Amino acid sequence: MRVSKEFILREIAGENILVPIGTAAANFNGLISMNGVGRFIFDLLAEERTAQELADRVCGEYDVPPETALKDAEEFLQQLREIGALIEG
């Protein structure tokens with residue numbers, strides 16, 4: 001899975017903001033703010049990744065247990081699915 005090109009990440013006033021563009025802007029009316037870990041995962045999703053790969057990278061970057069990293073990665077991926085920002089397959 002990877003992120004859709006219909007969503008771009010911008011830093012605005014020190015905040016990481018996910019902005020829909022193109023047809024995504026018509027389907028999703030809003031902006032998403034994300035923390036540093038969300039930004040880290042989002043950046044990794046520029047390339048095809050699995051949830052486990054994301055969790056492994058989070059563990060390598062942050063001091064977090066593997067089970068927590070996987071759970072959090074899966075929750076974040078679900079949020080991206082819900083807004084249409086994730087391409088799977």
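The structure displayed is predicted, hence computed values, not measured ones.

Visitor: When you look at unusual backbone geometry in this model, what are you seeing that I'm missing?
Guide: It is generally the case that most residues other than glycine have a negative phi and that most peptide bonds are trans. Of note in this structure, Ala13 is not a glycine but carries a positive phi near 50°. Mapping Ala13 onto the fold places it in the loop between β2 (7–12) and β3 (15–20). With a relative accessible area of 80%, Ala13 lands in the exposed category.

Visitor: Help me out: how do you make sense of the packing of helix α2 (residues 36–44) against helix α3 (residues 51–61) in this one?
Guide: Relative placement of two packed helices is described by the angle separating their axes and the distance separating the axes. Interaxial distance between α2 and α3 falls to 11 Å at its minimum, and their mutual angle equals 130°. The pairing of α2 with α3 is recorded here as oblique in orientation. Judged by the twist between their axes, the crossing of α2 over α3 is right-handed. Mapping the contact onto sequence places Phe40, Ile41 and Leu44 in α2 and Leu54, Arg57, Val58 and Glu61 in α3. Of the residues that constitute the contact of α2 with α3, the class distribution is 5 nonpolar, no polar and 2 charged.

Visitor: Help me understand the side chain of Ser4, please; the structure alone is not making it clear to me.
Guide: Positionally, Ser4 belongs in the loop between β1 (2–3) and β2. Judged by relative accessible area, Ser4 falls into the buried class, the value being 10%. Beyond its immediate chain neighbours, meaning those up to four positions away, Ser4 contacts Gly84, Ala85 and Ile87.

Visitor: What is the right way to read the packing of aromatic side chains from this model?
Guide: Here a ring pair, both rings aromatic, is described through the centre-centre distance and the interplanar angle of the planes. The final tally for this structure, using the stated rule, is 2 aromatic pairs. Plain terms: the ring middles of Phe7 and Phe28 are 6.4 Å apart, the flat faces sit at 55° to each other, and that makes the pair tilted. Of the two residues, Phe7 is situated in strand β2 and Phe28 in the loop between α1 (22–27) and β4 (32–34); the sequence distance between them amounts to 21 residues. Classification of Phe7 by relative accessible area gives buried; the value is 4%. Look at Phe40 and Tyr62: their rings are 5.7 Å apart centre to centre, the planes differ by 85°, and that puts the pair in the edge-to-face class. In this pair, Phe40 sits in helix α2 while Tyr62 sits in the loop between α3 and α4 (66–83), placing the two residues 22 residues apart along the sequence.

Visitor: Even after reading the chapter, I still don't get α4, so can you show me in this structure?
Guide: Its 18 residues place the ends of α4 26 Å apart at the C-alpha level, agreeing with the 26 Å of an ideal helix rising 1.5 Å per residue. Within the span of α4, buried status applies to Ala69, Ala73, Phe76, Leu77, Leu80 and Ile83. The buried side chains of α4 occupy one side of the element, clustering within an arc of 120° when seen end-on. Facing away from the buried side of α4 by more than 90 degrees, the exposed set consists of Glu67 and Glu82. Following α4 by one or two positions, Gly84 has its phi on the positive side, about 80°.

The rules behind these values
Residues numbered from 1 in each chain as written. Predicted model: local features only at pLDDT ≥ 70, side-chain atom pairs only at ≥ 80, totals over all residues. Heavy atoms only, no water. Helix = DSSP H or I, 4+ residues; strand = E, 2+ residues; numbered from the N terminus. Buried < 20%, exposed > 50% of the residue type's maximum accessible area, 1.4 Å probe, protein only. Axes fitted to C-alpha atoms, helices over the stretch in contact; angles between N-to-C directions. Parallel < 35°, antiparallel > 145°, perpendicular 65-115°, else oblique. Left-handed = near helix turned anticlockwise from the far one by under 90°. Contact = heavy atoms within 4.5 Å. Nonpolar A, V, L, I, M, F, W, Y, C, P; charged D, E, K, R; others polar. Phe/Tyr/Trp six-rings, centres within 6.5 Å; stacked < 30°, edge-to-face > 60°. Expected span 1.5 Å × (residues − 1). Arc of directions from axis to C-beta.

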